[in-house]
Every structure is written in C-alpha cells, then in structure tokens.
Amino acid sequence: MAQRTKACNLRLTPLYCLQQAGYFFAIAGIGAFAVTYLMDKGFAAGQIGLMLASTNILSCLLQPIIGSYVDRRSMALLPKIILGFLCTAFVCFSSLELFALPLAVMGPLFIFASLCFGITVPLSNSLCAYYSQSGCRIDYGMGSGVGSLCFSFSSLIVGYIIAGLGTRFMMAFCLMFIGLEIVVVTRYPRIDESAQGSAPTASVSSLSLPAFCLRYRRFLLTLLGVMCLAACHAMAENYLINVFNRIGGGSEHVGIALFLACTTAAPFMIFFEKIQKKTGVVILLRLAGLFYVLKASLLLFAPSIVSVYLIELLQTCTYVFLYPPLYYLVRERIAPTDTAKGQTIASALYTLGTAMGNSLGGTVIDAFSLSAMLFLAAVIAATGTLLINFTIAKADPIN
C-alpha cells in the first residue's frame, strides 16, 4: 500500500476515476455478457438464471455483514479488503479459462468470482466516503461519470470481441482491467487514524446490524422505495430486446440504445458533486420516481425504434437521479461510525430491487405479455415514488 500520511492533502479523484474505469470496463463483459459467456461454456438458460439470481441474493446477504465488520474494526482496512476481493476474483475468473473444469465446479466458481468482484462496488463507495471524511479531495460523482462512460464504450468493444474472437478473449480483456484495478487500489494512501479524534471510538460507537435497523427505520423505508425504483429500472432496461422485437428491432438496437443512455448521462454524473450541492439529493430522489413512472409508461406505447432511443435519453433523470444520490444520502443521514454499513445496506437493497425486477419481468412476459410487464413496472415505480416522498423529508436521529 502507499505510504501512511497524517493529513490527506492529496487529490485522489484521478486515482478513484481510474479504479472506476477498471471496474466498469471489466463488468461490461463479466456482467452484461454473462449470459453469452455461460451459454458458450455449456450452461442451459435455466441454470444461468439460477446462477445469476444466486449471485444477487448472496451479495445482498453479505454486503451488510461485511460493512458491519468494517465499521466495528476500522475504515482504514477498506483498501486491503477490496484488494483481497479483487485478487480472489482475478484468480477465480482466470481458473475458468486455464483449467478444463466440469460444469458442476465451473458454476459455483463463476458465482463466487462474480460475488467477490461485485461486492467491491459498495466497499469502494465506503472507501470514497472514508477519504472524504478524512479531508482528502475525492469526487464520487466524477468517478461514477467516468465509470458510466467506460461501461458504454466497453459494451461496444466486448460485443465485437465476442463476435470476432470468442468469449475466451472477452474474459482476457476483462482480466486485464481487473489487474489494472488491483494495481490502482494498492496506491491509495493510508491515513494515520491516531491523528483523528473520532477514530479510536469508532469500534465502540458503531451499531450492530439489528441496532442499526432499529435506529434508522425511516432511512430503511426510503431504501424500500429505492428498491422499487431499481426493480423498475431492471424491468425497463434488461428487457429492451423484447421492446425492440415488438417494433421490428433487434440486439444491435439494444446496444445503440444503452450506449446513448450511458453517454448522455455521463456528463451529469461527472459534475454530480457540484450539482447535488446546489439541488440536494432529496429532491433528486423525489424526482427519480416520477421519471421512472414516465419512462415505463412511454416504453409501453413506444411506436418506433427512434422513439425508444429518445426515451432512453431519460437515463439522466432516472438512474442518475437514483443511484449516485444514494451515496450522498448515506453520508447525510448515517453517523460516520456506521458509514460502511449504510453504504453496503443501500447497495444491497438496490441489488435486491434489480433481482426482483429481473425475476418479475421475465415471469410476467412469459405468463402475460410485454405490455403487462411494462404496466407493472410503472405501478412498482409509482409505489416506490410514494414511499420515498413520504419518508425522505425527515432524517432519523443519529444520537
């Protein structure tokens, strides 16, 4: 790790942006093209669905536990913990390509590797909050914006790699960027916590998970609303192929739509730090729900491919108004000694929402129709909007 410093007077934003770039370049292949990769390995569609659902559920269970451990020990452990998860993921993903493993071993190994890699996201959020609270100059919004841009370009690149060279080269591409992220994480400075008055009492005053849930009841209700919006997001985004098929489009149009959504949203995310200081995250979260209802409703009646492209430009007012504000909401509403728990719980419930949306979306489409699924997505978004607006105005007492 980098040399210990008493006063963090460094600009860590470039380092954080590079870390986010490494993650999102890799996750575009490992996550967005997971179905393609696993089908190429010989897994059936039903098995793949079970594997991806298992990863989401395990992630939701483990994130708060790890966050609680970090809060009770020391936030200074975060770089080492993230590094451990990244190295484990790198070894596991490499093993999938280096060894001729049976499907019975390959499946659990892919789940474990994906779990280790994905869990670094909420821990990186906590890491950003830790350095910010320590006086370092680190811009969460800019890192998120860079990540969004990298994901959009990587999605296009990975698609061409798979089409031209196969999934083995796709995994090599992803491993290269996981390796980059590993190197970047080792460069974070260590803060001398003895110079900070609150550090020695962190392990004493940090709440257990049950106590946290009791103290921050209003916050958790707000997160239930966020979970509903995350479900709507998954239903609207992950089943775009069905939307395009209905109006004469195909997978190439899905790629273009997602590319447009991510690239147009990225500038707002890059300057999110300044924007949220002027608007406040509360109003952005209130508005996010309304725009999700609007987006699902518009997709329900979309008449053409171009109309879907235009609807996808609402990404700035949906996802960008929803996910980045969660980081700042935790910082505003949760005591510093419970920061890691707050960030991981927020991320876990968002993940649970996307898993719920994926499951409900496919089930409703198969049982009824695409229109029924989009109508349900709008209803779920409306429910989440009501929950957020009724609970977010007042903060839970910290003391």
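This is a predicted model, so every value here is computed, not measured.

**Q** Which parts of the structure should I look at to understand the pattern of salt bridges?
**A** Should the charged atoms of two oppositely charged side chains come close, the side chains can pair. With the rule as written, the count across this model stands at six salt bridges. Here D71 and K341 are joined by a salt bridge, their closest N and O atoms 3.2 Å apart. Here the residue D71 occupies a position in helix α3 (residues 45-73), and K341 occupies one in helix α18 (residues 339-367), the gap between them amounting to 270 residues. The same class applies to D71 and to K341, which are both buried. For D338, the salt bridge identified is with K341, shortest N-O distance 2.9 Å. For D338, a relative accessible area of 1% corresponds to the buried category. Given the relative accessible area of 0%, K341 is considered buried. Look at the salt bridges and you will find they share partners, linking K41, E97 and R168 into a network.

**Q** Would you explain the packing of aromatic side chains in this entry?
**A** Taken as a whole, this structure holds 22 aromatic pairs when the rule is applied. Taken together, a centroid distance of 4.7 Å and an interplanar angle of 45° make the contact between F212 and Y216 tilted. Given the relative accessible area of 0%, F212 is considered buried. By relative accessible area, which is 0% here, Y216 ends up buried. One aromatic cluster in this structure is built from Y16, Y140, F268, F272, F291, F321, Y327 and Y328.

**Q** Would you mind showing me how to read the packing of helix α7 (residues 140-164) against helix α8 (residues 167-185) here?
**A** To describe two helices that pack against each other, one gives the angle between their axes and the distance between the axes. At a minimum axis separation of 8 Å, α7 and α8 run at an interaxial angle of 145°. The two elements α7 and α8 cross, and the hand of that crossing is right-handed. Contacts from S154, I157, V158, I161 and I162 of α7 reach α8 at T167, F169, M170 and F173. When grouped by side-chain class, the residues that make up the contact of α7 with α8 number seven nonpolar, two polar and no charged.

**Q** Would you take a moment to explain the nonpolar core for this structure?
**A** In terms of nonpolar packing, the biggest core is built from 128 residues, with F93, F117, Y131 and F219 touching the most fellow members. Leave out the neighbours within four places in its chain, and F93 touches I30, F110, A113, S114, F117, M171, L175 and I178.

**Q** In this structure, what is going on with the confidence of the model for the protein chain? I would like to understand it.
**A** Where the model shows low pLDDT, its predicted coordinates should not be examined in detail. Within the protein chain, residue pLDDT values average 86, and 93% of them lie at 70 or more. Contacts for the low-pLDDT stretch residues 197-204, under 50 throughout, to residues beyond four places or in other chains number seven contacts.

**Q** What exactly am I supposed to notice about helix α19 (residues 370-391) here?
**A** It helps to recall that an α-helix has 3.6 residues per turn; residues three or four apart then point in one direction. In a regular helix each residue adds 1.5 Å, so 22 residues correspond to 32 Å; α19 covers 32 Å between its end C-alpha atoms and thus fits that length. Those residues of α19 that fall on the buried side of the exposure criterion are L370, M373, L374, A377, A378, I380, A381, G384, T385, I388 and T391. The secondary structure elements touched by the buried residues of α19 are α11 (217-237), α12 (240-246), α15 (281-300) and α18.

**Q** What should I look at first to understand the packing of helix α4 (residues 78-98) against helix α6 (residues 120-133) in this one?
**A** The contact between α4 and α6 brings their axes to 10 Å, and the two run at 160°. If you check the angle between α4 and α6, you find them roughly antiparallel. In terms of crossing hand, the pair formed by α4 and α6 is left-handed. The residues of α6 that touch α4, namely those facing L78, P79, I81, I82, F85 and L86, are T120, L123, S124, S126, L127, Y130 and Y131. A class-by-class count of the residues in the contact of α4 with α6 yields 10 nonpolar, three polar and no charged.

**Q** How do you make sense of a positive patch on the surface when you look at a structure like this?
**A** Where like charges cluster on the molecular surface, the positive patch consists of K274, K277, K278 and R331. A per-element tally of the positive patch places helix α14 (residues 272-279) first, with three residues. Summarising the element assignment, K274 is placed in helix α14. By relative accessible area, K274 is classed as exposed at 59%.

Calculation rules
- Residues numbered from 1 in each chain as written.
- Predicted model: local features only at pLDDT ≥ 70, side-chain atom pairs only at ≥ 80, totals over all residues.
- Heavy atoms only, no water.
- Salt bridge = Lys/Arg side-chain N within 4 Å of Asp/Glu carboxyl O.
- Helix = DSSP H or I, 4+ residues; strand = E, 2+ residues; numbered from the N terminus.
- Buried < 20%, exposed > 50% of the residue type's maximum accessible area, 1.4 Å probe, protein only.
- Phe/Tyr/Trp six-rings, centres within 6.5 Å; stacked < 30°, edge-to-face > 60°.
- Axes fitted to C-alpha atoms, helices over the stretch in contact; angles between N-to-C directions.
- Left-handed = near helix turned anticlockwise from the far one by under 90°.
- Contact = heavy atoms within 4.5 Å.
- Nonpolar A, V, L, I, M, F, W, Y, C, P; charged D, E, K, R; others polar.
- Core = buried A, V, L, I, M, F, W, Y, C linked by side-chain atoms within 4.5 Å.
- pLDDT = per-residue confidence, 0-100.
- Expected span 1.5 Å × (residues − 1).
- Parallel < 35°, antiparallel > 145°, perpendicular 65-115°, else oblique.
- Patch = residues over 30% accessible without salt bridge, like charges linked within 9 Å, V, L, I, M, F, W, Y side chains within 5 Å.
- Areas by Shrake-Rupley, 256 points an atom, 1.4 Å probe, with all protein chains shown as cover.
- Lys, Arg positive; Asp, Glu negative; His and termini not counted.
- Charge placed at Lys NZ, Arg CZ, Asp CG, Glu CD.

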